[in-house]
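What the coordinates show
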Amino acid sequence: MVLDDQTVDCLIQLFNDSDHVVVRSAIGNYETTMAHDSHFQMHWNNEQVTVPGIKAPPGSSEAVDAITTASRPISGGDAYSDYVKTRNEFQGGVTHGPAELQYYLSTEPDYLAQQVAANWNGDVRDDQTNLALGTSYGWDSIDPAVDDDTRQGHATKKTWHGNAVATRILTPGTILRFGLELNLVEGLQHNPYRNVYAGGTNVPERHPDHRSRRDLFLKLNQALPNRSSLKFSYRFYNDDWGIDSHELGATLSQYVTHGLFASWDYRWYTQTAADFWRAEYLSVTGVDGYLTGDYRMARLASHLFGVTLDADLAAFDVRTPVLGSMGVKGSWERYFNSNNYSANFVTAQVTYRF
Amino acid sequence: MSASRTTIARATRRLAPALLLLLLGTGCAQVRAYQRERLTDPIMSFDAVKKDAARRTHALDAREGSTGGNGGAGGGCACN
């Protein structure tokens, strides 16, 4: 077998937020072209997540929201200490002509996720338009760790996904992409470690077992003079839990010199609350039996600003062959939302082409 | 299962007309292969930012109530 056009990239991403959750991700990607119009790609990610200890006694109303979306158990005397867990992620895929098959695996001490996906794409209308269809099926196995104030046993979650995407060349400097996606989710969809303060006491969080999610998105990339570009995106999302959301994004990219460009990024997001979300629950049965302490179920707005520098060293006059096959990239993103939550994403990436 | 099928059918009925309108409403100008050089530049290509977009979607899925926008499914993990 002949392997050609091999590319390896390594990436480190650091995340920290206003709740003092820290995530370190070490990511690697490998891609190669094989014979007979086939490609192989592999992705792996080793992630270390540190969730801080709670700030109030376990089971108290003050502790209910002490943990955000990061999952951690509270057991024994360790509730006030940091909780560290490791997640490993692997993805492999083969592309042959217009067809692609992928397998995805994610493991952490209390969660195993697997997924198979199939995609197809082809050019139509004089190669001006590309149509892509994709589907995937995911099955998750959840085994919560010992927790002193919730009792959730083994659970499962299954996700079916389907999408249709069209990409159309409008002019030599304008390209448009739009698509729709559907997700059907069945199974455990709440945090097994989280309690909700309801009816004067703490009860385990409970979300519906079924969720139907769909979205429609549109992206437009426009080339500008002086080797720059402007990208716009819009997404509308809706689900049967009552959440509607709108997302708008814009990216301005500009070459600083040959082989080096900078990008400035902005994203605005807003959503409505889920039907069963309440700031305060008067009864332990919540709304139709459902209760949530998850701020993602509430009305929410967020902003994200980002800056990226991307250099292809082959474009510079480097005399070392190794450097001439490399690319480097660095980015910083600042995220904040209406729940007084903010986060930083810092990423450094090195790419090597054989 | 029938409830799921009904949900899919309802969502498709709502979203498909919009997609069809977009498909039919776009221009018909022929852009030849030799005119597409700018479209393959990293600052214009959708593929060049595919992995970055997937990574961002994964991170924001854990912080917001919606998902999607990349034409692909994300992983099913319950991480941070």
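Given the structure is predicted, the values throughout are model-derived calculations rather than measurements. Residue positions within a chain follow its written sequence, with the count starting from 1. For naming, the first written chain is A and the first written ligand is 1, with later ones following in the order written. Where local features are concerned, this predicted model is filtered to residues with pLDDT of at least 70; where side-chain atom pairs are given and counted, the filter is 80 or more; whole-chain, interface and lining totals use all residues. Heavy atoms from the whole structure form the basis of all side-chain values; hydrogens and water molecules are not counted.

**A closer look at the overall build of chain A**
Comment: elements are numbered from the N terminus, with helices defined as DSSP H or I runs of at least four residues and strands as E runs of at least two. Each helix and strand counted, chain A has one helix and 18 strands in total. Relative to the globule expectation of 20 Å for 354 residues, the C-alpha radius of gyration of chain A, 23 Å, shows essentially globular dimensions. With the principal axes as the frame, chain A shows a C-alpha extent of 65 × 45 × 45 Å. Accessibility here uses a 1.4 Å probe with only protein chains present; expressed as a share of the type maximum, an area under 20% marks a residue as buried, one over 50% as exposed, and anything in between as partly exposed. Counting all 354 residues of chain A, 50% fall into the buried class. In this description the radius of gyration comes from C-alpha coordinates, and the expected globular size is given by 2.2 Å times residues to the power 0.38.

**What about the overall build of chain B?**
A count of helical and extended segments in chain B gives two helices and zero strands. For chain B, with 80 residues in total, the buried portion stands at 39%. The Shrake-Rupley method, run with a 1.4 Å probe, gives the accessible areas here. Residue values count only the displayed protein chains as cover. For chain B, the accessible area works out to roughly 4400 Å², and carbon and sulfur atoms hold 59% of it.

**Structural notes on the side chain of Glu100 of chain A**
With respect to the element layout, Glu100 of chain A can be found in strand S5 (residues 99–108). Asp and Glu are treated as the negative residues and Lys and Arg as the positive ones, with His and the ends of the chain left uncounted. Salt bridge, as used here: a side-chain nitrogen of Lys or Arg that lies within 4 Å of a carboxyl oxygen of Asp or Glu. In this structure Glu100 of chain A is buried but unpaired, with Lys50 of chain B as the nearest side chain of opposite charge at 5.1 Å. One polar contact links Glu100 of chain A to Gln102 of chain A, side chain to side chain, over a distance of 3.2 Å. Contact definition: two residues touch when any of their heavy atoms are within 4.5 Å. If we ignore the near neighbours within four places in the chain, the residues touching Glu100 of chain A are Val94, Thr95, Ala117, Ala118 and Asn119 of chain A. In protein, a polar contact means a hydrogen-donor-capable atom and an acceptor-capable atom, both N or O and within 3.5 Å, with residues adjacent in sequence counting only if both atoms are side-chain atoms; elsewhere, any N or O pair within 3.5 Å suffices.

**What about the pattern of salt bridges?**
In a structure, side chains of opposite charge can pair up when their charged atoms sit close to one another. All names here are of chain A. For the structure shown, the criterion picks out 19 salt bridges over all chains. The partner of Glu205 in a salt bridge is Arg194, with the nearest N and O atoms 3.0 Å apart. Placement of the pair is Glu205 in the loop between strand S11 (201–204) and strand S12 (210–224) and Arg194 in the loop between strand S9 (174–187) and strand S10 (195–198), with a sequence separation of 11 residues. For the pair Glu205 and Arg194, a shared accessibility class is recorded, and that class is buried. The partner of Arg296 in a salt bridge is Asp294, with the nearest N and O atoms 2.9 Å apart. For the pair shown, Arg296 and Asp294 are each scored as buried. Because the salt bridges share partners, they merge into one network encompassing Arg194, Glu205, Asp294 and Arg296.

**A word on the interface of chain A and chain B**
Residue-level contacts link 97 residues of chain A with 56 residues of chain B. Sorting the residues of chain A by area buried against chain B places Gln128, Pro172 and Phe178 of chain A first, and these three jointly supply 9% of that buried surface. The interface formed by chain A and chain B holds seven salt bridges in total. For the pair chain A and chain B, the interface holds 30 residue pairs in polar contact (both at pLDDT 80 or more). Looking at the side of chain A that touches chain B, the element that brings in the most residues is S12 of chain A, giving 14 residues. Here the term charged refers only to Asp, Glu, Lys and Arg, the term nonpolar to Ala, Val, Leu, Ile, Met, Phe, Trp, Tyr, Cys and Pro, and the term polar to all other amino acids, Gly among them. Class assignment of the residues belonging to the side of chain A that touches chain B gives a composition of 37 nonpolar, 31 polar and 29 charged. What counts as buried area is the accessible surface, traced by a 1.4 Å probe, that two parts surrender upon association, with contributions from both included.

**Considerations on the confidence of the model for chain B**
In low-pLDDT segments, the atomic positions of the prediction should not be examined closely. Values of pLDDT, which run from 0 to 100, indicate the predictor's confidence residue by residue. For chain B, per-residue confidence averages 70 on the pLDDT scale, and 52% of positions sit at 70 or higher. Both scores are available for the predicted complex, with the pTM at 0.87 and the ipTM at 0.85.

**Side note on the packing of aromatic side chains**
All names here are of chain A. Planes of paired rings set the category: under 30 degrees apart is stacked, over 60 is edge-to-face and the rest tilted, where pairs are Phe, Tyr or Trp rings (Trp by its six-membered ring) whose centres lie within 6.5 Å. Considering all chains together, one arrives at 10 aromatic pairs over all chains under this definition. With centroids separated by 5.4 Å and ring planes inclined at 65°, the aromatic side chains of Tyr255 and Phe261 adopt a geometry described as edge-to-face. The pair formed by Tyr255 and Phe261 is uniform in burial state, with each residue classed as buried. Where Phe305 meets Phe336, the ring centres are 6.2 Å apart and the plane angle is 25°; that geometry is what we call stacked. Here Phe305 is found in strand S16 (residues 300–312), whereas its partner Phe336 is found in strand S17 (residues 326–337), with 31 residues between them in sequence.

**Some remarks on a nonpolar patch on the surface**
Together, Ile12, Leu14, Leu252, Trp264, Val307, Trp332 and Val346 of chain A make up a nonpolar patch on the protein surface, roughly 620 Å² of accessible area in all. Structurally, Val307 of chain A can be placed in strand S16. Each patch is built from residues that are more than 30% exposed by relative accessible area and take part in no salt bridge. Like charges join if they lie within 9 Å; nonpolar side chains (Val, Leu, Ile, Met, Phe, Trp, Tyr) join within 5 Å.

**A look at helix H2 (residues 50–61) of chain B**
Under the convention used throughout, the expected extent of a helix is 1.5 Å for every residue step, that is, one less than its residue count. In a regular helix each residue adds 1.5 Å, so 12 residues correspond to 16 Å; H2 of chain B covers 16 Å between its end C-alpha atoms and thus fits that length. Inspection of H2 of chain B places Arg55, Thr57, Ala59 and Leu60 of chain B among the buried residues, and these make up the whole buried set.

**A short note on the environment of Val94 of chain A**
Residues and elements named next belong to chain A. Position of Val94 among the secondary structure elements: in strand S4 (residues 83–96). Separated by 52 residues in the primary sequence, Val94 and Met42 place their C-alpha atoms 8.9 Å from one another. Setting aside chain neighbours within four positions, we find Val94 in contact with His39, Phe40, Ala99, Glu100 and Leu101.

**A closer look at unusual backbone geometry**
Residues and elements named next belong to chain A. A positive phi angle, near 65°, is found at His20, a position not held by glycine. Tracing the chain through its elements places His20 in the loop between strand S1 (4–17) and strand S2 (22–34). What makes His20 exposed here is its relative accessible area of 54%. Phi angles above zero are rare outside glycine, and Asn226 is one such case at about 60°. Counting through the fold element by element, Asn226 comes out in the loop between S12 and strand S13 (228–239).

**Remarks on the nonpolar core**
Here is a general trend for soluble globular proteins: nonpolar side chains tend to be buried in one another's company. As used in this record, nonpolar core signifies buried Ala, Val, Leu, Ile, Met, Phe, Trp, Tyr and Cys residues forming a set joined through side-chain atoms within 4.5 Å. Ranked by size, the top nonpolar core spans 16 residues in total, and within it Phe15, Val23, Tyr335, Tyr341 and Phe345 of chain A carry the most contacts. At the level of elements, strand S3 (38–51), S16 and strand S18 (341–353) of chain A together with H2 of chain B are the ones that each hand at least two residues to this core. Take this core: its biggest share by element is three residues, from S18 of chain A. The contact partners of Phe15 of chain A, leaving out residues within four places of it in the chain, are Val21, Val22, Val23, Tyr341, Ala343, Asn344 and Phe345 of chain A together with Arg63 of chain B. Val196, Trp241, Ile243 and Leu291 of chain A belong to the second largest nonpolar core, which has 12 residues in total.

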